[in-house]
Amino acid sequence: MDTIDLYQIHRWDYDTPIEETLATLDDAVRRGDVRYVGASSMWTHQFADALHTSDREGYERFATMQNHYNLAYREEEREMLPFCQTERIGVMPWSPLARGYLTRPDEDIDATTRGETEEHMYRHPYREGGGTAVNERVAELADEKGVKMAQIALSWLFHKEWVDTPIVGTTSVEHLEDAVEALDIDLSASDVEWLEEPYEPVRVSGHE
Ligand SMILES: NC(=O)c1ccc[n+]([C@@H]2O[C@H](COP(=O)([O-])OP(=O)(O)OC[C@H]3O[C@@H](n4cnc5c(N)ncnc54)[C@H](OP(=O)(O)O)[C@@H]3O)[C@@H](O)[C@H]2O)c1
């Protein structure tokens with residue numbers, strides 16, 4: 001392609017001054033190679049520093065934040081998500097289904113090939129705090145509404161004002177179609193509250 005619509009940096013670069021990163025990204029936009037630039041998981045103070053530096057130096061601002069956010073991991077609600085809302089930053093969460101944890105009952109996870117081999121999933125604290133109770137509630141509501149667990153988990157994200165577009169990980173057309181259908185699921189305020197209730201703060205995960 002001639003132009004990249006959204007060019008995202010992956011995490012905070014501790015070895016390069018942010019001025020240098022932003023100047024380079026700004027060049028790419030000025031040359032017409034890139035339309036928008038985005039950032040990914042980092043501390044909110046680092047993202048604030050980047051936006052402030054762009055404003056001060058007249059560089060292209062980050063337009064998006066790709067961060068770790070799902071029903072089983074909500075630490076981003078403390079700082080990053082309200083900050084993105086104030087700064088009018090587009091939010092596109094990664095692992096919106098908690099790497100598959102919110103797509104099947106907790107007891108079935110280890111039975112899957114991915115569960116047996118996927119060390120990554122266990123690096124994240126999805127089962128800590130109230131995670132297993134959240135998983136149960138997703139299953140219960142999915143049963144009640146006659147939809148899939150993955151669709152309830154995605155629908156919850158679609159109901160969060162600060163989310164623009166979750167990046168769903170899928171290897172099948174069927175799962176992609178499930179994701180699109182989830183746009184039509186209506187959750188009441190009490191459904192949302194009920195799904196969220198068991199969650200307890202957990203350790204930060206994704207940019208530690
Ligand atoms: N910026 C970052 O630091 C960062 C970090 C992690 C990930 N990411 C990005 O985020 C994207 C998503 O990450 P992820 O793969 O961890 O995401 P995820 O969407 O949370 O989980 C994907 C898992 O859910 C399953 N799934 C999806 N739809 C389903 C459905 N309808 N029913 C049952 N199971 C379903 C998938 O199975 P199937 O494969 O069988 O569909 C897969 O096992 C990736 O493209 C990755 O590049 C970015």
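This one's a predicted model, so the numbers in the text were calculated from it and none came from an experiment.

The rules we used
Residues numbered from 1 in each chain as written. Predicted model: local features only at pLDDT ≥ 70, side-chain atom pairs only at ≥ 80, totals over all residues. Heavy atoms only, no water. Near = heavy atom within 4 Å. Polar contact = N/O pair within 3.5 Å; in protein donor to acceptor, adjacent residues only side chain to side chain. Areas by Shrake-Rupley, 256 points an atom, 1.4 Å probe, with all protein chains shown as cover. Nonpolar A, V, L, I, M, F, W, Y, C, P; charged D, E, K, R; others polar. Phe/Tyr/Trp six-rings, centres within 6.5 Å; stacked < 30°, edge-to-face > 60°. Helix = DSSP H or I, 4+ residues; strand = E, 2+ residues; numbered from the N terminus. Buried < 20%, exposed > 50% of the residue type's maximum accessible area, 1.4 Å probe, protein only. Core = buried A, V, L, I, M, F, W, Y, C linked by side-chain atoms within 4.5 Å. Contact = heavy atoms within 4.5 Å. Expected span 1.5 Å × (residues − 1).

A. Layout of the site of the ligand. Around the ligand, the structure places 21 residues, and the nearest of them are Arg11, Ser95, Leu97, His175 and Asp178. Between Gly100 and the ligand, the recorded distance is 3.3 Å, taken from a backbone N or O atom to an oxygen atom. Within the side chain of Asp178, a nitrogen or oxygen atom sits 2.8 Å from a nitrogen atom of the ligand. With the chains in place, 79% of the 920 Å² that the ligand exposes on its own is no longer accessible. Partitioning the shell around the ligand into residue classes produces seven nonpolar, ten polar and four charged.

B. Summary view of the packing of aromatic side chains. On inspection of all chains with the given rule, the structure shows four aromatic pairs. Arranged with centres 5.4 Å apart and planes meeting at 50°, the rings of Tyr69 and Trp156 form a pair that is tilted. Of this pair, Tyr69 sits in the loop between strand S3 (62–66) and helix H3 (80–86) while Trp156 sits in helix H8 (residues 149–158), and the two are 87 residues apart along the sequence. A residue is classified by how much of its surface remains accessible, and Trp156, at 0% relative accessible area, is buried. On the basis of an interplanar angle of 10° and a centroid distance of 6.4 Å, the ring pair of Tyr101 and Tyr126 is categorised as stacked. Within this pair, whereas Tyr101 is found in the loop between strand S4 (90–91) and helix H4 (106–109), its partner Tyr126 is found in the loop between helix H6 (119–123) and helix H7 (131–145), the two being separated by 25 residues in sequence. Residue Tyr101 shares its accessibility class with Tyr126, and that shared class is buried.

C. Here's a closer look at the nonpolar core. Membership of the largest hydrophobic core comes to 54 residues, with the highest contact counts inside it found for Phe47, Phe62 and Leu102. For this core, the secondary structure elements donating two or more residues are helix H1 (18–30), strand S2 (34–40), helix H2 (44–57), S3, H3, H7, H8 and helix H10 (189–196). The biggest single contributor to this core is H8, with seven residues. Aside from chain neighbours lying at most four places away, what touches Leu102 is Asn70, Leu71, Ala72, Pro96, Leu97, Val134, Val138, Met149, Ala150 and Ala153.

D. Highlighting H7. The end-to-end C-alpha separation of H7 is 21 Å, in line with the 21 Å expected for 15 residues at 1.5 Å each. If you check which residues of H7 are buried, you get Gly131, Val134, Asn135, Arg137, Val138, Ala139, Leu141 and Ala142. Residues of H7 that are buried make contact with H4, H8 and H10. Of the residues one or two after H7, Gly146 is the one with positive phi, at around 70°.

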